[in-house]
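# Structure assessment
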Number of protein chains: 2
Amino acid sequence: MKIIVDAMSGDKAPQEIVSGTLAAIKLLGVKAVLCGKEEEILPLLEKIPKPVIDEYLEIVNASQVIEMEDDPANAIRSKKDSSMTVALELLRDGAGDAMVSAGNTGALLTGATLIVKRINGIRRAALAPVIPNPKGGFVLIDAGANAQCTVEYLVQFAYMGSYYASDIFDLESARIGLLNIGTEATKGTELQLETYKILESASSAGRLNFVGNVEAKEAMNGACDVLVADGFTGNIVLKALEGTSAFLMGEIKTMFSNNIKTKLSALLVKKNISAIKDRLNPDAVGGTALLGISKPVIKAHGSSNAQAITNAIRQAARAVKADIASRLYESVEYMKF
Amino acid sequence: MKIIVDAMSGDKAPQEIVSGTLAAIKLLGVKAVLCGKEEEILPLLEKIPKPVIDEYLEIVNASQVIEMEDDPANAIRSKKDSSMTVALELLRDGAGDAMVSAGNTGALLTGATLIVKRINGIRRAALAPVIPNPKGGFVLIDAGANAQCTVEYLVQFAYMGSYYASDIFDLESARIGLLNIGTEATKGTELQLETYKILESASSAGRLNFVGNVEAKEAMNGACDVLVADGFTGNIVLKALEGTSAFLMGEIKTMFSNNIKTKLSALLVKKNISAIKDRLNPDAVGGTALLGISKPVIKAHGSSNAQAITNAIRQAARAVKADIASRLYESVEYMKF
C-alpha cells in the first residue's frame, strides 16, 4: 500500500510531516510519496538509510504551497504546482492508494472534488471527524464542508457515515442519529422534518439503522454512532465542543495552580489529566475523513505534529482496506431522489 | 416589587419552589405571589410567622399543573386553571411585576406570548440564557424558542440581547456577535449573510456594537457579550455545551477514583472542583430570560432547587428594574423591515 502525503501543508510542515511519515513507514510498513519542495524535504531525510528510502519512499517535487489563509477555490485554480494539488493529481493517476494533508480544509475539499472527483451519484463530499464520548466516539457528518444542505445531501451523509462508522468502530450496523433540538419527529426546521421521513423509511427497508433525532448532548453520551447534520450546524457542534473543552480545561488548570494544596493535588494526577486532554486532542485522534471522494483523502489537523501525521496515515491505510467508495457505489441508487 | 411564582411547575415543585421563594423574600425583600394548589402550598408555610405571610406573600389557587411532557400549545389551551396559566394572567393583569416558572419551556413561551403578549413590533420572543466563559459569560439569543428564523427575527434578537447584556453585565454597549462557522462576512447560509449586512449597518449608525461573525469556540473564550443565533442553532450550541461538560466532568470523576493517589488528589481539590461545576450548574445560574415579552418572564431550569428559584427571582427583580421592555419599545422602529 502506498500513501501520498502533502509534505508542505500545515503549521509544522515540512519537519513534522516528514517525521510522521517516516514513523508510519516503520510502524505500519506502508510505502509513502512525499510531495513538496525537494530542497526542503531532502535535508530531512539525510539520516535515513538509502535502502529504506529506495524501497519505501518517493519524493515528488512541487514548487508551491497553499497557505491556510488562501482562498480555497482561487488557490486550487492558481497554484497549479502546489504540494496539495500535485498530491491530489498523483492520487487521481493511481500513483498511490490514499492521500493525507494537514493543509487548508477548503482547498483540500475543492481540490479533491475537482481533481480526484466525487463518487458517481454522490452530490457533495463531507467532513467526517470522530468525536469522543464515553462509549468511544461517534462520527459527525458533515462537520463543515457544506454550509447549505438539501435533504438529499443529508440522506447521502447518513449512508456514507453508516459505512464509515461500521468500519472504523467494527459494528454490524452503525446507529444513525439526525442532529436535532429534540427527539420528537416534529422537531427542527423543514430540512430535519423531511430528512427524518426519508431516513425512517430507509430504516424500515433495512438499509440503515436510523435511531431518530438525537440532541448534541445525547450524542456526547453515546446515543448514536453517526450524527448526521448540515455542515453549518455540524461545524457549530464541533466548535462548541472545542470551546467548552478549552474553557473547562482552562478552569481546571487555574484551579490546580491555586495554592500549595491544589498544586500537590495536581502533581498526583498529572498523567491522568494528560490522558483526558489526549482524548480530546486532534493530534492524538489523527485525521478527518473526506467522505464521498472516489479515493480516500484524509485531512489532518492544521497543527498536526509527527504523531498526528502517523495517525492520519494509519487512518488512510484503514480507509484503503475498507474501500468505502466501492460499497457506496453499490448502494448509491438508494441515495438519489 | 412583587414577583409572581408558578409554584407547581418543575421537577421539585412545590417544595423547592416555595422554599426558594421564601428565601428570596428574606434575602431580597421582594413580595411574592405563589400560584398553585393551595392544599399543597399551605402546609409548606406552616412554620412561617403570620405577619410575614400577611406582608410579603399571597397565595392564588390554581387547580391544574402543566407537565413537562405536555404538548405546549395544547396545554395552554386546555389547562385554563393551571398554575402557569393563572400566574401569567396575574402578570398580565398587573398583580405583580414579573413572573418566574420552572415549568415546560414551550408552554411558558406559548403562554407568555398569548397571555402577556409580545412587545408591540417584536416578531418573536426568544430564550436568552447566560453561558459561562472565562470573562464571566455571554448571552445566547435565541437558545431554542424559534427553530425557523428570518433575518428580521435575528436582527431583533441582536437589539434585545444588546439591551439585556448591557444591563446584566453593566456594560456601556454590549459586543454583539453573529454565530457563524468563520469570521469572514461571506460565511454561513443566506440567513447569516443577510443578517450580517443589516447588523453591520446598524453598527455603522451607532445603534449596535456589532463585532461581526463569531465562532462558538471564540464566544466561549470571551469574543462577544451577546451571541445571536436562530433558535435551532442556538439550541444546538447549548446542548453541545451541556454534553461536553457532562462528558469532561465524567472523565475527571472517573480519573479521580482511579487509585489511592488519585483519590488523595481528589480530596485536596474537592471544593475547587465543586466551584467549577457550579459555574456550569443551571441551578446556580438561575433562570433564562424570555426576551420580547411585554413584562419580565423568567424560565428557571426544570430541575431547579430552592437556590435556583431564589436566583431566578433575583433575576426577575433585576429585569423589572432594568425595564428592557420600555427601552425596546423606544427603538423598535429600527428593528422592523
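The present account deals with the structure reproduced in this document. (Residues numbered from 1 in each chain as written. Chains lettered and ligands numbered in written order. Predicted model: local features only at pLDDT ≥ 70, side-chain atom pairs only at ≥ 80, totals over all residues. Heavy atoms only, no water.)

Between chain B and chain A, the contact holds 47 residues from the first and 47 residues from the second. With both sides pooled, the region where chain B packs onto chain A buries about 4400 Å², and carbon together with sulfur makes up 75% of that total. Our count for the chain B to chain A interface comes out at 4 salt bridges. Put simply, A:K239 and B:E215 hold a salt bridge, and the shortest N to O gap is 2.2 Å. Where the side of chain B that touches chain A is concerned, the elements lending two or more residues are α8 (190-204), α9 (216-219), α10 (231-256) and α11 (260-279) of chain B. Per element, the largest residue contribution to the side of chain B that touches chain A is 19 residues, and it comes from α10(B). (Contact = heavy atoms within 4.5 Å. Buried area = accessible area lost by both parts, 1.4 Å probe. Salt bridge = Lys/Arg side-chain N within 4 Å of Asp/Glu carboxyl O. Helix = DSSP H or I, 4+ residues; strand = E, 2+ residues; numbered from the N terminus.)

The side chains of a regular strand alternate between the sheet's two faces. Residues and elements named next belong to chain B. Because side chains alternate across strand β12 (residues 297-300), one face comprises the buried residues V297 and K299, and the other comprises I298 and A300, equally buried. One ladder, built from 3 bridges, connects strand β4 (residues 98-101) with β12; its direction is parallel. By the bridge assignment, S101 is partnered in β12 with K299. The turn linking strand β11 (residues 287-291) back onto β12 is made up of 5 residues, and G292 within it adopts a positive phi angle of 110°. (Buried < 20%, exposed > 50% of the residue type's maximum accessible area, 1.4 Å probe, protein only. Pairing = 2+ DSSP bridges.)

As a further point, take the packing of aromatic side chains. Residues and elements named next belong to chain A. Overall, the coordinates contain 2 aromatic pairs over all chains when judged by the stated rule. Relative to F210, the ring of Y196 has its centre 5.3 Å away and its plane inclined at 75°; by these criteria the two rings are edge-to-face. One end of the pair, Y196, is in helix α8 (residues 190-204); the other, F210, is in strand β9 (residues 209-214), with 14 residues separating them in the sequence. Above the plane of the ring of Y334 lies R207, whose end atom (NZ or CZ) is 4.0 Å from the centre. (Phe/Tyr/Trp six-rings, centres within 6.5 Å; stacked < 30°, edge-to-face > 60°. Lys NZ or Arg CZ within 6 Å of the ring centre and 35° of its normal.)

This part covers the environment of B:I59. Residues and elements named next belong to chain B. Residue position: I59 is located in strand β3 (residues 57-61). Exposure remark for I59: the relative accessible area of 23% places this residue in the partly exposed category. Setting aside chain neighbours within four positions, we find I59 in contact with L34, E38, I41, L42 and L45.

Now for the pairing of strand β2 (residues 31-36) of chain B. All names here are of chain B. By the criterion of burial, β2 is predominantly enclosed, with 5 of the 6 residues buried. Pairing analysis gives 5 bridges linking strand β1 (residues 2-6) to β2, with the strands arranged parallel. Counterpart to K2 in the pairing with β2 is K31. In this region the chain leaves β1, passes through helix α1 (residues 15-28) and returns to the parallel neighbour β2; the handedness of that crossover is right-handed. With 5 bridges joining them, β2 and β3 adopt parallel strand pairing. (Right-handed = clockwise from strand over helix to strand, strands pointing away.)

Now for α10(B). Residues and elements named next belong to chain B. In this model, α10 (26 residues) spans 37 Å end to end at C-alpha, consistent with the 38 Å of a helix rising 1.5 Å per residue. In terms of burial, α10 is largely enclosed, as 21 of its 26 residues are buried. Here α10 starts with a cap whose side-chain oxygen sits 3.2 Å from the backbone nitrogen of F232, and that cap is D230. (Expected span 1.5 Å × (residues − 1). Polar contact = N/O pair within 3.5 Å; in protein donor to acceptor, adjacent residues only side chain to side chain.)

The next thing to look at is the environment of A:V139. All names here are of chain A. Mapped onto the secondary structure, V139 falls in strand β7 (residues 138-141). Accessibility expressed as a relative area gives 0% for V139, which makes it buried. When residues no more than four places from it in sequence are discounted, the contact partners of V139 are A128, P129, V130, Y164, A165, I168, F169, D225, V226 and L227.

Once that is clear, we can look at empty space enclosed by the protein. Unoccupied space between atoms shows up once a probe the size of one water molecule is rolled over them. Residue and element names in this part refer to chain B. Applying the stated criterion across every chain yields a total of 1 cavity of 30 Å³ or more. There is about 40 Å³ of room inside the largest cavity. As for the largest cavity, its lining consists of Y164, D167, I168, A289, I298, Q315, R318 and A319. Of all the elements in the fold, those that place two or more residues in the lining of the largest cavity are α7 (151-168) and α13 (306-322). Considering only residue class, the lining of the largest cavity consists of 5 nonpolar, 1 polar and 2 charged. (1 Å grid on protein atoms, 1.4 Å probe; cavity = no way out; pocket = protein on both sides within 12 Å on 5 of 7 lines; lining within 4 Å. Points joined across faces, edges and corners; volume = space filled by probe spheres on them. Nonpolar A, V, L, I, M, F, W, Y, C, P; charged D, E, K, R; others polar.)

Our focus in this paragraph is the nonpolar core. Counting 92 residues, the largest nonpolar core has A:L88, A:M99, A:V297, B:L88, B:M99 and B:V297 as its most contacted members. Among all residues touching A:L88, those that are not within four sequence positions of it are A:M99, A:L108, A:G111, A:A112, A:I115, A:V116 and A:V297. Core analysis: the next-biggest nonpolar cluster, separate from the first, contains 63 residues, A:I25, A:V30, A:F157 and A:A317 among them. (Core = buried A, V, L, I, M, F, W, Y, C linked by side-chain atoms within 4.5 Å.)

This part takes up the sheet that holds strand β5 (residues 126-128) of chain B. Residues and elements named next belong to chain B. Read from one edge of the open sheet, 7 strands run β3-β2-β1-β4-β12-β11-β5, paired in mixed fashion. Strands at the two margins of the open sheet, each flanked by one partner only, are β3 and β5. In this sheet, adjacent strand axes meet at a mean angle of 25° when their direction is disregarded. Running over the sheet, helix α6 (residues 105-116) touches β4, β5, β11 and β12 and is turned about 175° from β12. (Axes fitted to C-alpha atoms, helices over the stretch in contact; angles between N-to-C directions.)

In screw terms, the move from chain B to chain A is a rotation of 180° and a rise of 0.0 Å along the axis, fitting with an RMSD of 0.0 Å. Such a combination of turn and shift is consistent with a two-fold rotation axis. When C-alpha positions in chain B are compared against the rotation axis, the closest is assigned to B:S265, at 2.1 Å. Take the interface residues of chain B: 100% of them recur as interface residues in chain A, which is what a same-surface contact looks like. (Least-squares fit on C-alpha atoms with pLDDT ≥ 70 in both.)

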